[in-house]
Structures are given as C-alpha cells and as structure tokens.
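Take a look at the letters that make up each chain.
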Amino acid sequence: MERDLKKIISEMTLEEKAGMCSGEDFWRLKKVERLGIPEVMVSDGPHGLRKQPGEADHLGIGESIVAVCFPAACATASSFDTELMNEMGKTLGEECQAENLSVLLGPAVNIKRSPLCGRNFEYLSEDPYLAGKMAASYIRGVQSWDVGTSMKHYAANNQEYNRMSCSSNLSERTFREIYLPAFETAVKEAQPKTIMCSYNKINGEYASENKHLLTEILRDEWGFEGYVMTDWGAVADRVTGIVAGLDLEMPGSHGVNDAKIIAAVKDGSLDEALLDKAVERILKVLFSYADNRHPEAVFDRDADHEKAVKIETECAVLLENNGILPLKEGRKVVYIGEYAEKPRYQGGGSSHINSSKVTSALESAKEKGRPVSYVKGFPFDKDEENAGELAAAVQAAKDAEVAVIFAGLPDLIESEGYDRKDMKLPACQNKLIEEVIKVQPNTVVVLHNGSPVEVPWADKTAAILEMYFGGQGVGEATDKLLYGEVNPSGRLAETFPLRLEDNPSYLNFPGDGVNVDYAEGIYVGYRYYDARKMPVRWAFGHGLSYTEYEYSNLNMPAESLDDKGCVKVTVDVKNTGSMVGKEVVQLYVSDKNGTAGRPVKELKGFAKVELQPGETKTVEFALTARDLSFYHEGLGDWYAPSGTYEVLIGHASDEIALRGELSFKTEKQLPLYVSGATTIGELMAHPVTAPIIGGLMQNMQGAMGAMQSDPTENVEDTLGTGAEMMKAMMHGMPLKSLASFAGAEMAAQIELMIQGMNQALGNK
C-alpha cells in the first residue's frame, strides 16, 4: 500500500505535526486517528524483547513480558558469524511482529574503548570493521520481518560515567576511523529504519543537536533514509535538534517541547519545512510497519530457546586448553561456584530480559547423567568469602578427577548505569581458584562476564572457556562445549590485556565528568598493543578449537589495485584434525609505505567456514581502495598513498599464517599550500611540486656544493657528516631556511617559485 505522505502532512495541524515528533508515553508514538495514523510501540532490545505493557522504565527495573534472552553482543560478536547474526535477527523480527512491536531498539555498536565501560556487554567489538559487518547482518535479519531497528548510540558514547552530559573530545580522523565506521557500514549495507542518537556531547556539542553528525555525515554522506530518535531523555534544545536533523524525542516531554516547536514555527525561528521533513521520515517508518503486518508470525518461546542455545555454542571462546577438554565421559567431575547453578547470562539495565527458561550447566549435566557433583564455593551475586564453602570446594576438587569452576562478574560490578572500577574478578573467586589449583591440576575455569577480566591464575589452569553473557541457553551450551558435543569456534572480538594499566585509554578514562579526551586517537584495542609490541593475555581474534587448521595458497590474481578497482583474495584452509570444526579466517591489511600514524595492521575481512576432518575449502575476500585507506583531515576524505600494502591471513591478530604484497596506485592528490615553512621533503613527495623543486635544487648546486639535484640520493660525504645526515637535513629543511643559505638572488627566485607552485596546485 503506497501512502502519499506529503498529502497526509499537508492535512495535519501544526500541533499534530509537533506532537508526532515526540512519544505518547514511554514506548508509544502518537496516533492521529482522523488521518489514519496508528499508534505504534517500540521496545528495548537488542538481544531479546523487553516489552513493558504496564509501568515503564528504561533501566530494566519494571516487569516486562516473558521473552527469550539471546546471547548479548559481547558473545555474538565473538561468533564472527554474519549468517548466525542474521538468523538471530530474523527470530527477533518475528517475535516483534507477534508482539506488535514496530521497532526493536538495537543493535548497539559503540566501540569498546575501555574494558571498564559498564555497558560493554551490549557492544560488539573494539574493531569497527567487525562491529559494522555484524550489525548490518543483524539489522537485515530483524527488518526482513518489516520491523524497524534503532542502531545506537550515535555516537562516541563509550562510558557510563556522566554519559548524559560529558563531552567526548576527539579528532575528526579518530572519529571517522574508529567511532563512526560501524554506523557507516550498517547504514550503507542494511539501512536501519531508525538511529538513536546518544546522550553525550561530541567536542562540546550535544549529539542530539549536532548537524554535522545527524545530517551532513549520516544523511548527506551515507544516505540514511530513516528517522533519528533520541536516547531516552537525550534532548537538550528541542528546536535546535529539529534543525540539526533530530526527528523523534523519546519518551516525550508531556507537551513541553511540542509547545516550543509550535512557538518556534509561529515566530519564524524554525522553518516549518524542516518540521514537515521530520514528520515525513517518522511516518515513512511507521507505515512501513503498519502496512506490512505478518499475521503468520508466532513467538514460540520453546523453539526460540533452542535457537538461543545453538547460537551460544557458536559464540563461546576457548581461551586455554592443555588437552583436558573436551571432558571424557565417565570422569569424576566437580562443579564449583554458584554460577554453575545460577548462571550469569545477561547484563543489568535496559536490555534485561524476563527470561522464559534458564537451564544451568549443573542441570544440563544431571539431565544427561554425567557424574558431576556440586559445591557452591562462592555466591553468584556478591564478593563474599565463606571459609566453610572454600574448604569444601578445595576438598571436593581434591577428591575429583576434574574441577570446573564457574566464575564471573555479578550485577553489582557490571551493569548499565555505572562503569567498572577495575578489571578484577571478585576477590572471593580469585582466592578459590588459586586454592583449588594447588590441589587439582585438572582445573577448568568457565567465565561469565561481559568484558575482559584480569586472570592472574591463567597459566596454572588446565583450560579456560569464555562464555560471556551467553543468554538463557548458556548452561546447556556450556555442557555441550565442555563435553565435546560441539567444537568451540568463537574468537575474541576484543583484546584481553594483562592488566588494566596496559589499556590505551587508561590515563584518559572516564575523564573529569565534564570532558573526556580520546587522547589515544586511533590506537584502540589491538591497534595499540600491536604498535607498542605489548604482550597481552589474549589477542583480538584469539580462540582455540578441538581440532587443528592449516592455511595455504594465498592468491591475489590482480597485479595492482587503483581507486575504483577491487582485488579478489583467496586462501585455502584445511582441517588437519580429527573433529569437525569451524575456523574463522581473518584478513588484515598493513601499510608498508612508511606513512605516519598508521596502525601495524587492521582487520579488513573475516569468514567462518565449517570443515570436516581432512576437508579443505577456499575462502574468498574482496579488497578495495577504502580498505587500504585512512581518513585524511586535510583532504576531508579517505586516502591511501600509492605504494605497497601487505595482506595478512591468520587465525588471530597475533597468529598470522600467510603474507602477500599488493601494489596500489591512487589518482588522489593531497592538498598542499606552499609557504616559507614548507619543507623540501614535502615538495619532493608531491607529484606537482617535485619537478619544480628538483629544478631549483639543480640551479643551487653551484652555490651550495654539498647539495645535489636530488637531495635525497647520492649525497657525497664531503663534510664528513655522513650522507644520511645530509639527506635528513635537506628533507626537513623549510624553504625560508633554504633561502637564507642561498643568497639574495636565489632567495628572490624561491619567493617567485612559491607563487608558481601554489598556482600549479590551484591554490588561491
């Protein structure tokens, strides 16, 4: 059914149009019955429905419908599986249709700048490429059911401390390379119906009234077609927001801000055409749902629970294993830690799901008749040591063949609303693990956490299995993985540093409450650890398997790449072990041209492939100029210098198996304005000015005998200072200094040459 939105808007009163731009209540948009505009409802997500039919809130406090809690983003990102993400999205989309929900509030794609961010469990990765691809797949899945998504929180919302007012201060390059690409990828590849702007300021300006962010980048550059809504209560100045490109205020202001919009239109300070455009964008999304209902949609909680279990088996990451896993049937095993009985499977706050069913790892083991005993050891909800429980756990571990300790972070440490104070597990858990290890070398630790933790005992354990916040099926998934019914295939979507102090944002997180400086720039996560050659506990992309994989035949048939081309990269991967498994093949790119400020390598491709024992498959990637580029602030665009790039294929960021070289040629020219401060090196590096400055140097050869026509090559060591020294001096010498050495006549020639070079460059 095609709606004439402009006609509908023309028939709306000013009051109705202003009202359309704010919520009716906490979860509903306003209706206009006389024009056939229905009331629609939105719901918190992203990993399940938090539909609140009664008293509403945005912190997960009030009751919501019984729903299925899928693994949180910290887990699903670790699957490195876009198809899995798409299938989960489709399931959530059908649930929304069945529950009459028009928009699901997710995915959350903010970058994991610091391990301390209290909401990291809802965010996908420290890497923008991975986060963007996974988010796009999720969005396509949900929206295949004609339900909207609201990608959040746009943008640079990377902490909970003073998140509603603190200014995230960062360079344009950092913004473009780290904190915006996940949003960009998802918009261009999946077109989310809505985007949720964040609470915080960006370089001093609220996201909700930032025209550069909401209009110039989002709509003009990326082509976003939906509406922008606020995070709940994120409006600062409502009229300024409309002008900037903010469409919908949630949850509404009891008419206060509607009145301000009306007054601004009446006094001429707000162009009514801008209001009309906001209403049109809202109605377009509203009717895309209302006119495409799916009566066949069902919310089968039992079936979706089984999907949640399966998804989590694909997400869990085997961090360490000396061969103890998978556990052999019949071995005498003791489960220790209350998470074995009461798993921590989701985070606190707005994404908290009223789960339909939760089966623990202990219940799963008992249902399958495994010889497993249980000792509480420590509580699931607080850091409290009990001497009797500790002693019982140590004795039980000593009596068993294998001890499996279920550790993790309780709500009081990790939740929306506040940041973590450190990266430590509760002290009672660390002490118990250390004591058990002393008496039982076959100790396995299963982790339930939403972000990295310090693990000082890691080298003394037999195995460590990271389950993250794995949703309501985490217990059954844990059982399947521990006993080898499923082969672990997850990979870390974030680095685990050895200690908090190693994190690049350590000195600048979370700021003073008014400002937080992103002083580490683009060096977030593995980009920083690679550049510093700093050891980490587990690297980005790391994850073990119960089988082995081998890489071979890296092939790039195209001889070179240009600005508009595409290079196909293929590589063979073989399962050399005895168990079926899924390998995550990772492709990184490295700039080998000595370009200043480039990371050692960056993820630019990944693929998850299932392989039978002995089977080989060929994996294909595609690389374009964008994959080689960085954001050049002077150019205001993406740029890669001509030269050589290395393509790296591996199992993890620190496990590179194959390397190949790629040649690139660009037609883009960097902006250059020549002045007395411009150096010889800058001029020699630019194709327009290089021949001009080369001619000048040749003319000066007589006056300055130590200098050659090409100042970067064949410099004679006439003064005994060394060719390299002379080369460096000339490379860094500004024209004004060269003029002072060359005499009056040559100085005048240099002045004329500066004018000529600017003219040749098209500078005014």
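Residue numbers run consecutively from 1 along every chain, following the written order of its sequence. Where totals are concerned, whole chains, interfaces and linings use all residues; where local detail is concerned, this predicted model gives features only for residues with pLDDT of at least 70, and gives and counts side-chain atom pairs only at 80 or more. To get the side-chain values, all heavy atoms of the structure are used, and hydrogens and water are removed first.

### Regarding the overall build of the chain
Here comes step 1: In this description a helix means any DSSP run of H or I spanning at least four residues, a strand means any run of E spanning at least two, and both kinds are numbered starting from the N terminus. The number of helices and strands found in the chain is 23 helices and 27 strands.
Here comes step 2: Its C-alpha radius of gyration of 29 Å places the chain within 12% of the 27 Å reference for a compact globule of 764 residues.
Here comes step 3: Overall size of the chain, expressed as C-alpha extent along the three principal axes, is 95 × 75 × 50 Å.
Here comes step 4: Each residue is placed in one exposure class: buried if its accessible area under a 1.4 Å probe, protein chains only, is under 20% of its type's maximum, exposed if it is over 50%, and partly exposed if it falls in between. Looking at the chain residue by residue over its 764 residues, the buried ones come to 61%.
Here comes step 5: Relative to all contacts within the chain whose residues are 6 or more apart in sequence, the contacts with residues 24 or more apart total 76%.
Here comes step 6: Here the chain displays about 28,700 Å² of accessible surface, and carbon together with sulfur accounts for 48% of that area.
Here comes step 7: In this charge count, Lys and Arg are treated as positive and Asp and Glu as negative; neither His nor the chain ends contribute. Every charge is mapped to an atom, namely NZ of Lys, CZ of Arg, CG of Asp or CD of Glu. Within the chain, one finds 77 positive and 113 negative side-chain charges whose respective centroids are separated by 2 Å. The reference for a compact globule is 2.2 Å times residues^0.38; the radius of gyration itself is calculated from the C-alpha atoms. Contacts are assigned to residue pairs with any non-hydrogen atoms lying within 4.5 Å of each other. The accessible surface values rely on the Shrake-Rupley method and a 1.4 Å probe; as for residues, cover is taken only from the protein chains in view.

### Comments concerning the sheet that holds strand 20 (residues 566-575)
Here comes step 1: Any two strands are treated as partners once DSSP identifies two or more bridges connecting them. Pairing in this open sheet of 3 strands is antiparallel, and the strands run 18-20-23 from one edge to the other. Two strands in the sheet have a free side with no partner beyond their single neighbour: strand 18 (549-555) and strand 23 (616-624). Sheet twist, expressed as the mean angle between neighbouring strand axes with direction ignored, is 25°.
Here comes step 2: Sheet analysis places strand 20 next to strand 23, joined by 9 bridges and oriented antiparallel. Across the sheet, Lys-574 pairs through a bridge with Thr-616, a residue of strand 23. Axis lines are fitted to C-alpha atoms, over the contacting stretch for helices. Their N-to-C directions set the angle, which ranges from 0 to 180 degrees.

### A few points about the packing of helix 14 (residues 387-399) against helix 15 (residues 427-439)
Here comes step 1: For the pair helix 14 and helix 15, the least separation of the axes is 9 Å and the interaxial angle reads 30°. As judged from the angle between their axes, helix 14 and helix 15 are roughly parallel. Crossing geometry of helix 14 relative to helix 15 is assigned as right-handed. Touching Leu-390, Ala-393, Val-394, Ala-397 and Lys-398 of helix 14 are Lys-431, Leu-432, Glu-435, Val-436 and Val-439, all from helix 15. Should an angle fall under 35 degrees it is called roughly parallel, over 145 degrees roughly antiparallel, and 65 to 115 degrees roughly perpendicular, with every other angle called oblique. Here is the rule for handedness: rotate from the far helix to the near one, and if that takes an anticlockwise turn smaller than a right angle the crossing is left-handed, while a clockwise turn gives right-handed.

### With respect to the pairing of strand 6 (residues 194-197)
Looking along a regular strand, one sees side chains alternate from face to face of the sheet.
Here comes step 1: With burial as the criterion, each face of strand 6 is covered, one bearing Thr-194 and Met-196 and the other bearing Ile-195 and Cys-197.
Here comes step 2: Pairing geometry for strand 4 (residues 148-154) and strand 6, over 3 bridges, is parallel. Counted as the bridge partner of Met-151 is Ile-195 from strand 6.
Here comes step 3: For strand 6 and strand 9 (residues 227-230), the ladder comprises 4 bridges, and the chain directions are parallel. Following the sheet pairing, Cys-197 is matched in strand 9 by Thr-230.

### Notes on the confidence of the model for the chain
Here comes step 1: As a per-residue measure, pLDDT tells how confident the predictor is, with possible values from 0 to 100. In the predicted model, the chain carries a mean pLDDT of 94, and the fraction of residues at 70 or more is 96%.
Here comes step 2: Taken as a whole, residues 711-720 scores under 50 in pLDDT and shows 16 contacts with residues more than four places along the chain or in a different chain.

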